[in-house]
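Analysis of the macromolecular model
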Amino acid sequence: MASSKVSLLEFLDSTQLNCLNEAPQHGIKKILSRGKTISDSFLKSDVDEQLLLNIYFNQAVRVRSIAIQSLDLASGPKDIKLFTNKPSIGFEDVEDDQEAAQILSLTRDDVTDGKKIPLKFVRFQSVNSLHVFVASNQGGDEETRIDSLNIFGVPVQLRFIFPRMANFATKDLRELRKAPEEQ
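Every chain's residues receive numbers from 1 upward, in the order its sequence appears when written. Given that the model is predicted, a residue must reach a pLDDT of at least 70 before its local features are reported, and side-chain atom pairs must reach 80 or more before they are shown or counted; all residues, however, enter totals for whole chains, interfaces and linings. Only hydrogens and water are removed before side-chain values are computed, so all heavy atoms of the structure are retained for them.

Okay, the overall build of the chain next. Scanning the chain from terminus to terminus reveals three helices and nine strands. In sequence order, the secondary structure elements of the chain are arranged as β-α-β-β-β-β-α-β-β-β-β-α. Relative to its 183 residues, the chain shows a buried fraction of 43%. If you take every contact in the chain between residues at least 6 apart in sequence, the share linking residues at least 24 apart comes to 79%. Helix and strand definitions follow DSSP, with helices as H or I runs of at least four residues and strands as E runs of at least two, each counted in order from the N terminus. Burial status follows relative accessibility: with a 1.4 Å probe on protein chains alone, a residue under 20% of its type maximum counts as buried, one over 50% as exposed, and anything between as partly exposed. Note on definitions: a residue-residue contact is assigned when non-hydrogen atoms from the two residues lie within 4.5 Å.

See below:
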């Protein structure tokens with residue numbers, strides 16, 4: 001489906017983006033900025049391997065997949081928990097698996113190739129904020145590194161992307177009747 005290929009990075013609210021335990025010189029805003037190339041910058045953890053990325057959108061979106069890439073395989077993310085629509089979230093809030101919208105275990109190929117990881121679509125229908133908790137990395141290193149992160153899906157309000165479709169979605173179709181058959 002073509003709509004699953006739309007990057008949602010243009011719908012980020014950059015004023016609210018933040019990451020807990022990021023190294024001062026390697027923050028989240030650098031990997032989510034437009035026009036960034038893979039070698040420009042990266043997100044790196046500071047004290048230990050855990051990261052908590054808090055990503056806010058400027059409108060509700062439907063998230064279909066996520067892609068995470070790391071050029072350093074040993075420090076690439078492995079175990080990830082995804083949470084949605086939390087106004088404020090910290091490390092103490094991500095320990096409970098019951099609260100997670102989805103739990104992912106990335107393979108080495110997923111991380112090196114930056115493969116799109118499909119998400120449970122029903123759990124990501126109207127997302128205002130996505131929280132990505134990186135619990136561990138591929139090699140058990142003290143630092144986790146993310147070179148690229150992309151989120152794919154569609155905005156809930158399609159009129160911003162497809163203005164002609166907005167009218168179709170709001171038309172009253174009750175008056176439509178089956179055309180009489182010609183003989």
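Next comes the rest of the write-up.
Glancing now at the side chain of asparagine 137. Residue position: asparagine 137 is located in the loop between strand S7 (127-134) and strand S8 (145-146). In this view, asparagine 137 contacts Glu49, Ala74, Ser75, Gly76, Pro77, Lys78, Glu143 and Thr144; residues no more than four positions away in its chain are not counted.

The pLDDT averaged across the chain works out to 85; a share of 79% of its residues lies at or above 70. pLDDT: the predictor's confidence for each residue, scored from 0 to 100. Predicted confidence for residues 166-171 stays below pLDDT 50, and this span has one contact to residues more than four positions away or in other chains.

Attention now goes to the pairing of strand S5 (residues 102-105). The side chains of a regular strand alternate between both faces of the sheet. Burial along S5 is one-sided: the residues Gln102 and Leu104 are buried and none of Ile103 and Ser105 is. Strand direction decides the pairing type here: strand S4 (residues 79-84) and S5, joined by four bridges, are antiparallel. Each residue of the ladder has a partner; that of lysine 81, found in S5, is isoleucine 103. Here a strand pair is declared whenever DSSP counts at least two bridges between the two strands.

Let us look at the environment of valine 122. Within the fold, valine 122 resides in the loop between strand S6 (116-118) and S7. On the basis of relative accessibility, which here comes to 70%, the residue valine 122 falls in the exposed class. Taking the C-alpha atoms as reference points, valine 122 and valine 63, separated by 59 residues in sequence, lie 9.3 Å from one another.

Time to look at the nonpolar core. Counting 34 residues, the largest nonpolar core has Leu53, Ile55, Phe57, Ile66 and Leu149 as its most contacted members. At the level of elements, helix H1 (28-32), strand S3 (51-69), S4, S7 and strand S9 (148-155) are the ones that each hand at least two residues to this core. With eight residues, the single largest contributor to this core is S3. One finds Leu52, Val94, Ala100 and Phe133 within the second-largest nonpolar core, a separate group that totals six residues. Side-chain atoms within 4.5 Å link the members of a nonpolar core, which is a set of buried Ala, Val, Leu, Ile, Met, Phe, Trp, Tyr and Cys residues.

What follows covers the pattern of salt bridges. Think of a salt bridge as a Lys or Arg side-chain nitrogen and an Asp or Glu carboxyl oxygen that are within 4 Å of each other. Across all of its chains, the model carries three salt bridges by this definition. The shortest N-O distance in the salt bridge between lysine 86 and glutamate 99 comes to 3.1 Å. Here the residue lysine 86 occupies a position in the loop between S4 and S5, and glutamate 99 occupies one in the loop between S4 and S5, the gap between them amounting to 13 residues. One salt bridge connects arginine 145 with aspartate 147, and the closest N-O pair in it is separated by 2.7 Å.

Attention shifts here to the packing of aromatic side chains. Centre distance within 6.5 Å is the pairing criterion for rings of Phe, Tyr and Trp, where only the six-membered ring of Trp is used; planes under 30 degrees apart are then read as stacked, over 60 as edge-to-face, and the remainder as tilted. This model, assessed by the stated rule, comprises one aromatic pair. A ring pair is formed by phenylalanine 91 and phenylalanine 133, whose centres lie 6.1 Å apart and whose planes are at 70 degrees; its orientation type is edge-to-face. One end of the pair, phenylalanine 91, is in the loop between S4 and S5; the other, phenylalanine 133, is in strand S7, with 42 residues separating them in the sequence. Definition used: whenever NZ (Lys) or CZ (Arg) falls within 6 Å of the ring centre and also within 35 degrees of the ring normal, the charge is taken to sit over that ring. When the ring centre of phenylalanine 121 is taken as origin, the NZ or CZ atom of arginine 64, which lies over that ring, is 4.3 Å away. Cation over ring: lysine 116 sits above phenylalanine 152, and NZ or CZ is 4.1 Å from the ring centre.

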